[in-house]
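Survey of secondary and tertiary structure
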Amino acid sequence: AGVGGGAGVGRGGGAVTHPATSRTMQAAATARGERRSRIAMTWILLEALVALLLAVGIVWWTMGPRKNKPPRDDPPADSR
């Protein structure tokens, strides 16, 4: 078996075969990662909605109902 025999086995240039289950496991891990990121994004949007509603509620509470001011009962300027 001289130089060049063995097609790269043991010389660092060969490809390593992985069992088919590793692809399945990788696909499952990717699906879990996507699901986690979707859940995280849902939580972020939910928290943003709660913060917005809270801010609107605070503004509405502090402004209170608009009250019409009664007309002033100042005497006319001519009667002095």
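Above this text is the structure in question.
From a predicted model like this one, the values you see are computed outputs, not experimental measurements.

With respect to the overall build of the chain
In terms of regular secondary structure, the chain is built from 1 helix and 0 strands. Among the 80 residues that make up the chain, the fraction classed as buried is 0%. By element, 64% of the accessible surface of the chain is carried by carbon and sulfur atoms, the whole surface being about 8100 Å².

Digging into a positive patch on the surface
A cluster of basic side chains, namely Arg32, Arg35, Arg36 and Arg38, defines a positive patch on the protein surface. Its place among the elements puts Arg35 in helix H1 (residues 20-63). A relative accessible area of 44% places Arg35 in the partly exposed class.

Remarks on a nonpolar patch on the surface
Residues Ile39, Trp43, Leu46, Leu49, Val50, Leu52, Leu53 and Val56 make up a contiguous nonpolar surface patch of about 790 Å² in total accessible area. Take Leu46: its relative accessible area is 39%, and that puts it in the partly exposed class.

About the criteria used
- Residues numbered from 1 in each chain as written.
- Predicted model: local features only at pLDDT ≥ 70, side-chain atom pairs only at ≥ 80, totals over all residues.
- Heavy atoms only, no water.
- Helix = DSSP H or I, 4+ residues; strand = E, 2+ residues; numbered from the N terminus.
- Buried < 20%, exposed > 50% of the residue type's maximum accessible area, 1.4 Å probe, protein only.
- Areas by Shrake-Rupley, 256 points an atom, 1.4 Å probe, with all protein chains shown as cover.
- Patch = residues over 30% accessible without salt bridge, like charges linked within 9 Å, V, L, I, M, F, W, Y side chains within 5 Å.
- Salt bridge = Lys/Arg side-chain N within 4 Å of Asp/Glu carboxyl O.
- Lys, Arg positive; Asp, Glu negative; His and termini not counted.
- Charge placed at Lys NZ, Arg CZ, Asp CG, Glu CD.

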